[in-house]
Amino acid sequence: MLRRTLLYLSGQQRLEGFLRRNRLARGFASRFVAGETLEEALAAVRRLNADGITASLDLLGESVRNEAEARTMGRAYHEMLQRIRSERLDANVSVKLTALGLDVSEELSVAVMQELLDYARKCNSFVRIDMESSAYTQRTLDLFEHRFFPNHRENVGVVFQSYLYRTLEDVAWANALRARVRLCKGAYMEPPSVAYPDKKDVDENYLRAMRVLLLEGNYPGIATHDERIIEETKRFAREHDVDPGRYEFQMLYGVRRDLQQSLVADGYRMRVYVPFGTQWYPYLMRRLAERPANVAFITGNVLRELVGARRRRR
Ligand code: FDA
């Protein structure tokens, strides 16, 4: 119930305006978002690299409304790739097609993405296309298969969400292409017609997809903080002689840093998804929805600040 409410609120612009102005909410966001500028994000990547962790940089911004904004986003991604290369950082980038203008026009997002992929190849880097809500799944995969993957087999990858009923079929499709996949549980509000409503089924589907990816996939990214799934991934890989160099674990910036470090210490590959930028509100709300304990923390602090401000005005 709380998860659905938070995911609903993630699209509410009035609350976004209020929280973006609120000092404590911004402070809380900094736990999950590496900063509002590229410099701050690069500093976070440097710290991760120093700990033996690779990164994937994501410039937040999902609702691009016109061509100029989409092109600005494309240029920002070029700059990210250029800085990653010039500073010899161990990082790639993740991008949402809506951030490149998919809602403005499909051809616009394809043009911006193709330029980005050409530039990523020059930089010897990799672009992961994040997966958004199920309204975008088929379009994203169609564009991936026909417009992006044919010319960029080595430097573009997709994401699947284990809460969707379709995911095992999508995994088989991607493995047949030899496309690189990140597997996650899924972070959007989805109806029971397309997604498992029960967490237990989402987790079981994750395990099934993970096993197929480890056996037949092309360097899969196992993106989760779920210790039970991580343990089963390690056990399954050992049992089937899948070398730890043939896959990587992935986690979100600011979540389970202890686990990130212990996996690296045990010899596993770990990549952290590093979001940054001023458009952090929808991203933060999805992180809150994953862990309701975070909500108590943030609402408590925001209420305290509001009460304090009222007292000061009296
Ligand atoms: P689950 O939600 O069951 O959490 C397991 C445990 O992890 C919790 O008990 C808690 O300890 C910890 N945890 C999880 N989230 C936390 C949080 N926010 N704060 C504190 N602790 C937390 N989704 C999507 O729809 N499209 C995408 O492209 C991506 N991309 C992506 C990349 C990477 C690298 C990751 C790790 C995740 C994504 N996601 C995503 C998000 C994903 O779908 C999912 O919502 C979150 O990873 C949370 O799910 P878990 O697998 O961690 O399990």
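Student: Pulling in residues and values, what's your account of the site of the ligand?
Tutor: Near the ligand you find 26 residues, and of these Gly186, Lys199, Thr224, His225 and Glu290 are the closest. The contact in question runs from an oxygen atom of the ligand to an N or O atom on the side chain of Gln161, over 2.9 Å. Between the ligand and His225 there is a distance of 2.7 Å, counted from an oxygen atom to a side-chain nitrogen or oxygen. Applying the majority rule of atoms within 2 Å of the grid points places the ligand in the largest pocket. Of all the elements in the fold, those that place two or more residues in the shell around the ligand are helix 3 (23-32), strand 4 (156-161), strand 5 (180-184), strand 7 (248-252) and helix 12 (281-290).

Student: Break down the sheet that holds strand 3 (residues 127-129) for me, with residues and values.
Tutor: What links the strands of a sheet is backbone hydrogen bonding, and the strands pair in either a parallel or an antiparallel sense. Read around the closed barrel, the eight strands follow the order 1-2-3-4-5-6-7-8; overall the barrel is parallel. Direction aside, neighbouring strands of the sheet carry axes that sit 30° apart on average. The sheet contacts of helix 6 (residues 106-122) involve strand 2 (91-95), strand 3 and strand 4, and relative to strand 3 the element is tilted by about 150°. Across the sheet, helix 7 (residues 137-148) lies against strand 3 and strand 4, angled at about 160° from strand 4, the strand it touches most.

Student: Tell me about the environment of Pro220, and please be specific about residues and values.
Tutor: Tracing the sequence through the fold places Pro220 in the loop between helix 9 (199-216) and strand 6 (221-223). Classification of Pro220 by relative accessible area gives buried; the value is 2%. If near-sequence neighbours (up to four positions away) are discounted, Pro220 is found in contact with Val181, Leu213, Leu214, Arg246, Tyr247 and Glu248.

Student: I'd like a description of the pattern of salt bridges, backed by residues and values.
Tutor: For the structure shown, the criterion picks out 24 salt bridges. With its nearest N and O atoms 2.8 Å apart, the salt bridge here joins Glu87 to Arg46. A residue pair is termed long-range when its members are at least 10 positions apart, and Glu87 in the loop between helix 5 (67-86) and strand 2 and Arg46 in helix 4 (residues 38-50) qualify at 41 residues. For Glu87, a relative accessible area of 27% gives the class partly exposed. Note on Arg46: relative accessible area 38%, which makes it partly exposed. Between Arg182 and Asp130 there is a salt bridge; the shortest N-O distance is 2.8 Å. Highlighted residues: Arg182 in strand 5 and Asp130 in the loop between strand 3 and helix 7, separated in sequence by 52 residues.

Student: Account for helix 7, with residues named and values stated.
Tutor: Thr137, Thr140, Leu141, Leu143, Phe144 and Phe148 are the residues of helix 7 that are buried. Buried residues along helix 7 cover an arc of 160° about the axis, so they all sit on one side. Tucked into the core, helix 7 has its buried residues touching helix 6, strand 3, strand 4 and helix 8 (167-177).

Student: Could you give an account of the layout of surface pockets, with specific residues and numbers?
Tutor: Space left empty within the atom packing is revealed by a probe, the size of a water molecule, rolled over the atoms. The computed volume of the largest pocket comes to approximately 1,300 Å³. In terms of lining residues, the largest pocket is bounded by 46 residues, among which Lys185, Gly186, Ala187, Arg287 and Glu290 are the most central. Among the secondary structure elements, those contributing two or more residues to the lining of the largest pocket are helix 1 (2-9), helix 3, strand 4, strand 5, helix 9, strand 7 and helix 12. Classifying every residue of the lining of the largest pocket by side-chain character gives 23 nonpolar, six polar and 17 charged.

Student: Tell me about the pairing of strand 8 (residues 270-276), and please be specific about residues and values.
Tutor: One face of the sheet, then the other: side chains in a regular strand alternate in exactly this way. Counting buried residues along strand 8, seven of its seven residues qualify, which places the element largely inside the surrounding structure. In strand 8, alternate side chains face the same way, and those of Met270, Val272, Val274 and Phe276 on one face and Arg271, Tyr273 and Pro275 on the other are all buried. In the sheet, strand 1 (residues 54-59) pairs with strand 8 via six bridges, with the strands oriented parallel. In the sheet register, Leu57 faces strand 8, and the bridge partner there is Val274. Strand direction decides the pairing type here: strand 7 and strand 8, joined by four bridges, are parallel. Residue pairing for strand 8: Met251 is matched across the bridge by Val272.

Parameters and conventions
Residues numbered from 1 in each chain as written. Predicted model: local features only at pLDDT ≥ 70, side-chain atom pairs only at ≥ 80, totals over all residues. Heavy atoms only, no water. Near = heavy atom within 4 Å. Polar contact = N/O pair within 3.5 Å; in protein donor to acceptor, adjacent residues only side chain to side chain. 1 Å grid on protein atoms, 1.4 Å probe; cavity = no way out; pocket = protein on both sides within 12 Å on 5 of 7 lines; lining within 4 Å. Sits in = over half its atoms within 2 Å of the grid points. Helix = DSSP H or I, 4+ residues; strand = E, 2+ residues; numbered from the N terminus. Pairing = 2+ DSSP bridges. Axes fitted to C-alpha atoms, helices over the stretch in contact; angles between N-to-C directions. Contact = heavy atoms within 4.5 Å. Buried < 20%, exposed > 50% of the residue type's maximum accessible area, 1.4 Å probe, protein only. Salt bridge = Lys/Arg side-chain N within 4 Å of Asp/Glu carboxyl O. Arc of directions from axis to C-beta. Points joined across faces, edges and corners; volume = space filled by probe spheres on them. Nonpolar A, V, L, I, M, F, W, Y, C, P; charged D, E, K, R; others polar.

As far as function goes, none of this settles anything; it's purely spatial.
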